[in-house]
Every structure is written in C-alpha cells, then in structure tokens.
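Examination of the molecular architecture
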Amino acid sequence: VVITTRLLVSHLSGIRHYEKDIAKVKEEKEKANRAFKRTKSNQEKELKEKEAKGLEKTDSVKAKKEHEVEVKSRNSKPGRREKEFEQEEYYLKEKFESVIESLKIFKNDPLFFKPGSQFLYSTFGFTLLSAVVERVSGQKFTDYMLKMFRDLDMLLTVQDDNEAMIYNRARYYVYNKKGRLVNAPYVDNSYKWAGGGFLSSVGDLLKFGNALLYSYQVGRIKNVDGKLLPGYLKPDTVTMMWTPVPKTEVSWDRDGKYAMAWAVAEKNQEYGCCRQQRHYASHTGSAVGASSVLLVLPEELGSEAMENGLVVPPRGVIVTIICNMQSVSLSSTALKIAREFDKEKWLQ
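Now for a look at the structure at hand. (Residues numbered from 1 in each chain as written. Predicted model: local features only at pLDDT ≥ 70, side-chain atom pairs only at ≥ 80, totals over all residues. Heavy atoms only, no water.)

Topic: the overall build of the protein
What counts, and what does not: Going along the chain from the N terminus, every DSSP run of H or I of four or more residues is numbered as a helix, and every run of E of two or more is numbered as a strand. Note on contacts: a residue pair qualifies if any of its non-hydrogen atoms lie within 4.5 Å across the two residues. Method for areas: the Shrake-Rupley scheme with a 1.4 Å probe, in which residue coverage is limited to the protein chains shown.
Helix and strand counts for the protein come out as 11 helices and 9 strands. A sequence separation of at least 24 residues applies to 65% of the contacts in the protein between residues at least 6 apart. Within the structure as shown, the protein displays about 21400 Å² of accessible surface, and the carbon and sulfur contribution to it stands at 54%.

Observations regarding a nonpolar patch on the surface
Note the cut-off: Residues enter a patch when their relative accessible area is above 30% and they make no salt bridge; the linking distance is 9 Å between like charges and 5 Å between nonpolar side chains (Val, Leu, Ile, Met, Phe, Trp, Tyr). Salt bridge, as used here: a side-chain nitrogen of Lys or Arg that lies within 4 Å of a carboxyl oxygen of Asp or Glu. Partly exposed residues are those whose accessible area sits between 20% and 50% of the maximum for their type, while under 20% is buried and over 50% is exposed, using a 1.4 Å probe and protein chains only.
Judged by side-chain polarity, Val1, Ile3 and Leu111 come together as a nonpolar surface patch covering roughly 260 Å² of accessible area. Residue position: Leu111 is located in the loop between helix H4 (99-102) and helix H5 (123-137). Look at Leu111 and you get partly exposed, because its relative accessible area is 34%.

Let's talk about H5
Threshold: Helix span, as expected, comes to 1.5 Å for every residue beyond the first. Throughout this description, a polar contact denotes any pair of N or O atoms lying within 3.5 Å of each other; where both atoms belong to protein, one of them has to be capable of donating a hydrogen while the other can accept it, and for residues adjacent in sequence the pair is counted only when both atoms sit in side chains.
For H5, which comprises 15 residues, the first-to-last C-alpha distance of 21 Å matches the rise-based estimate of 21 Å (1.5 Å per residue) to within 8%. Among the residues of H5, Thr123, Phe124, Gly125, Phe126, Thr127, Leu129, Ser130, Ala131 and Glu134 are the ones counted as buried. Where H5 is buried, its residues touch helix H1 (5-9), H4, helix H6 (141-151) and helix H7 (193-196). Put simply, Ser122 is the residue that caps the front of H5, since its side-chain oxygen is 3.4 Å from the backbone nitrogen of Phe124. Backbone geometry just downstream of H5 places Gly138 in the positive-phi region, at approximately 75°.

Comments concerning the layout of surface pockets
Basically, it comes down to this: Grid spacing is 1 Å over the protein atoms alone, the probe is 1.4 Å, and a cavity is where that probe fits but cannot get out, while a pocket is an open set with protein on both sides within 12 Å along at least five of seven lines and lining residues have an atom within 4 Å of a point. Grid points are joined across faces, edges and corners, and a volume is the space filled by probe spheres set on the points. Three classes are used: nonpolar for Ala, Val, Leu, Ile, Met, Phe, Trp, Tyr, Cys and Pro, charged for Asp, Glu, Lys and Arg, and polar for all others, with Gly counted as polar.
Each pocket or cavity is described by its volume, and for the second largest pocket that value is around 390 Å³. Together, 15 residues line the second largest pocket, and Gln276, Arg278, Arg339, Asp342 and Lys343 are the ones closest to its centre. The dominant element in the lining of the second largest pocket, judged by the number of residues it contributes, is helix H11 (residues 331-347), at 6 residues. For the lining of the second largest pocket, the residue count by class is 3 nonpolar, 4 polar and 8 charged.

Examining the nonpolar core
We count it as follows: The criterion is simple. A nonpolar core is a set of buried Ala, Val, Leu, Ile, Met, Phe, Trp, Tyr and Cys residues joined through side-chain atoms within 4.5 Å. An automatic or database domain assignment is the source of the domain bounds shown.
Phe124, Trp242 and Trp262 are the most contacted members of the largest nonpolar core, which totals 41 residues. At the level of elements, H1, H5, H6, helix H8 (202-218), helix H9 (235-241) and strand E8 (290-298) are the ones that each hand at least two residues to this core. Three or more residues apiece are contributed to this core by two domains, here domain 1 (1-38 + 80-154) and domain 2 (200-347). Leaving out residues up to four positions away in the same chain, Trp262 has contacts with Phe208, Leu212, Met241, Trp242, Lys257, Ala281, Ser282, His283, Leu294 and Val296. Within the second largest apolar cluster, 12 residues are counted, among which are Ala265, Tyr280, Ile321 and Ala338.

A word on the sheet that holds E8
Each strand in a sheet pairs with another by means of backbone hydrogen bonds, the pair being arranged parallel or else antiparallel. Heads up, the condition is: A pair of strands is treated as paired once DSSP finds two or more bridges between them. Under this scheme, a helix contributes an axis fitted over its contacting stretch, all axes are lines through C-alpha atoms, and angles between N-to-C directions fall in the 0 to 180 degree range.
Ordered by their spatial adjacency, 5 strands build an open sheet running E5-E6-E7-E8-E9, and the pairing between neighbours is antiparallel. Edge strands, defined here as strands with exactly one partner in the open sheet, are strand E5 (257-258) and strand E9 (316-323). Running over the sheet, H8 touches E8 and E9 and is turned about 150° from E9.

Things to note about H6
Short version of the rule: Throughout, the arc means the angular range of directions from the helix axis out to the C-beta atoms.
Along H6, the residues classified as buried are Phe141, Thr142, Met145 and Phe149. Summarising the axial view, the buried residues of H6 lie within an arc of 90°, below the 170-degree limit, and thus occupy one face. For H6, the secondary structure elements touched by its buried residues are H4, H5, strand E1 (158-159), H7 and strand E4 (198-199). Immediately downstream of H6, the backbone of Asp153 shows phi near 65°, a positive value.

Some remarks on the pattern of salt bridges
For side chains of opposite charge, pairing can occur when their charged atoms come near one another. Applying the stated criterion to the full structure yields 14 salt bridges. A salt bridge links Lys147 to Asp151, with the shortest nitrogen-to-oxygen separation between them at 3.4 Å. Taken together, the residues span about one helical turn, with Lys147 and Asp151 both in helix H6 at a distance of 4 residues. Taking relative accessible area as the criterion, Asp151 reaches 40% and is therefore assigned partly exposed. The shortest N-O distance in the salt bridge between Glu300 and Lys267 comes to 3.8 Å. You can see Glu300 sitting in the loop between E8 and helix H10 (303-307) and its partner Lys267 sitting in the loop between strand E6 (263-265) and strand E7 (280-287), a full 33 residues away along the chain. Where salt bridges share partners, they join Arg16, Lys20, Glu89 and Asp109 into one cluster.

Some thoughts on unusual backbone geometry
With an omega dihedral of 0°, the bond running from Pro313 to Pro314 counts as a cis peptide bond. Within the secondary structure, Pro314 is located in the loop between H10 and E9. Although it is not a glycine, Ala261 sits at a positive phi angle of roughly 65°. Looking at where Ala261 falls in the secondary structure, it is placed in the loop between E5 and E6. The backbone of Ser327 shows a phi angle near 60°, a positive value even though the residue is not glycine. On the secondary structure map, Ser327 appears in the loop between E9 and H11. By relative accessible area, which is 9% here, Ser327 ends up buried.

Dropping the structure here:
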C-alpha cells in the first residue's frame, strides 16, 4: 500500500490509534453510527410532525429540549473519553531521543484498513508525520517546531519535557474512581510530540489562530498600496487545510467533517428563516490530565469591503480554552462563546 502525507494529516492512513484491537474499534464505530442514525431519524420525524400540525414550539419548550440534549451529551461523552484513557500507551514513561526512534511502538502493527478507504483518528499517524518533517527538514522535529513557534511569536509554546524547568508549567489533574480530584500520573510525551506533546498558553494559541485567519483572509482582500504583509501561510494552503476531506468524520462536532489536521463546519442553510450554519474550523486536545480547544470563526466579509480594501485581516473570532484536567468537553462551549462574541460584533 501507499500512505501519503495527505492521508496521514486527515487520519485516513489506516494506522492504529491507542486501541490495538481492530474488532473493538469497529464495534465502537458501529455504535456511534447507529446512535447518529437514530438521532437523525428522530429529528426528521419531529420535523415532519411539526409540519403536519402546523405548529411551532414555544421558546420555553425549545429551551427545555436543547437543555435535555446538552445534558445528555455531557453525560455520554466523558464516559467514552474515560474509556479511551484506559489504554496503556497513554501512560508510557520511556524517553525517546527522536521521533524516528518512537516509530518502533507501532511500526510492526498491521494497518486497520486500506489507506484512503476509512477514517480513524490516529495519534501515531501524526508521529509518522513528524518523522517525515524530521527527514525532509534535516532537523530534529522539536527544533523545527520551536523555530516555527518563534516565527509566530509563540514564545511560551514548548515541548512538554519532564526534565526541563518550564516557568509556570501547570500541574495536571484527573478524577479517581471515587470521583475525587487527584494529581495525574507521570507520563513522558516524547513518543508523540506532534500528537499531544507541546505546552502552550491561551495567549500563544490566540496568536496561532489569528496567524492562520490572517493567512486565510489576506488573499481575499484587495491589498491597497501594498500595505498588507503576506500571511505566514499561502491563502490557498489554509483554504485546503479547512476544506472537508471525503470519507472523514468528527466525533466531537455533529456539524463538522475532518479536513487536514482541523475539524471544519461548512456554511450551510437548508431552510429559509431557519438555522444557519457558519463556516468555522476547530480542534480539541486531550491528554493525561489536560484538555483544550482552539476554534476559529472567520467573519463573513462583504464583496464591496474586500474589493475596496476597507477591512484589514484578521476578521473574526478566535476562542481557545486550556484546562489542566482530563476528559473535559470544551468544543461546544468554545462554539457558544464564539457565537456570542460574533453576535455582539453585529449588534454594534
């Protein structure tokens, strides 16, 4: 088979995640698909009943329904994440000197499916991706990334090296079996720098989000008198990164599809005077003792403003949350915050 970097970055490579048993992975995916189909079927049934009766739900009933869905979602998701953290490889303590060396963890394991045929989120796929970066650049992956973070002015973003003294590094927490908050167990993340081995701050992640949003928008806005500097990435590159890839899926966002290292929701509206789906890109982070999310909601720029150079990028809302606690669901919270700030901007 052939595994390309594009397949790796979109989790279509067939390389396993932490679960080694393919039967269990298939079973979990089938359960998720059945649950999704039931939810969709119930939504369609409810819509048909409402149309037949010619009645609209009151705001109070809608609010109650949304609250019930939200509570059900909150109660179900953590269980799946807690089950995932039962995998032994989350708690590796071995220190790897290079990402090439860390490939030995999974290099002899069979692929779960033919590359390109199915989606399976894989941290180890990103370990292989980092090895590609290491070979192509001729530098250690961590050195290459630290140079990039410096270019982005992300000076507080570093590798989570247990031996190094890192100023203001937070402690990590988990809930034990009795529901009490305790310190997270010791782990060494050198086996997965690319898939969950860096420390950062809210400020640095905002810089990262704004740099991407600037790169995404600068090509769409007329550069009056050459005043706008180029973005860190080419506009077409960010557009490609934020375009859904076929056969992918996203477990934490029912409106999203996976693109290239980002989950994205496309602009969509099925019915007049009904729900509008804005375009946004996001990704969550989950590690032993920590949870995070970064969401980018681009502003919908008018053609006149873009052609006349009346707006200066980045335009939109960036939301990031970092929590030093394991298995905290942050995706829906980030989206709600982004929508509130976006709503406030339009009211002004």
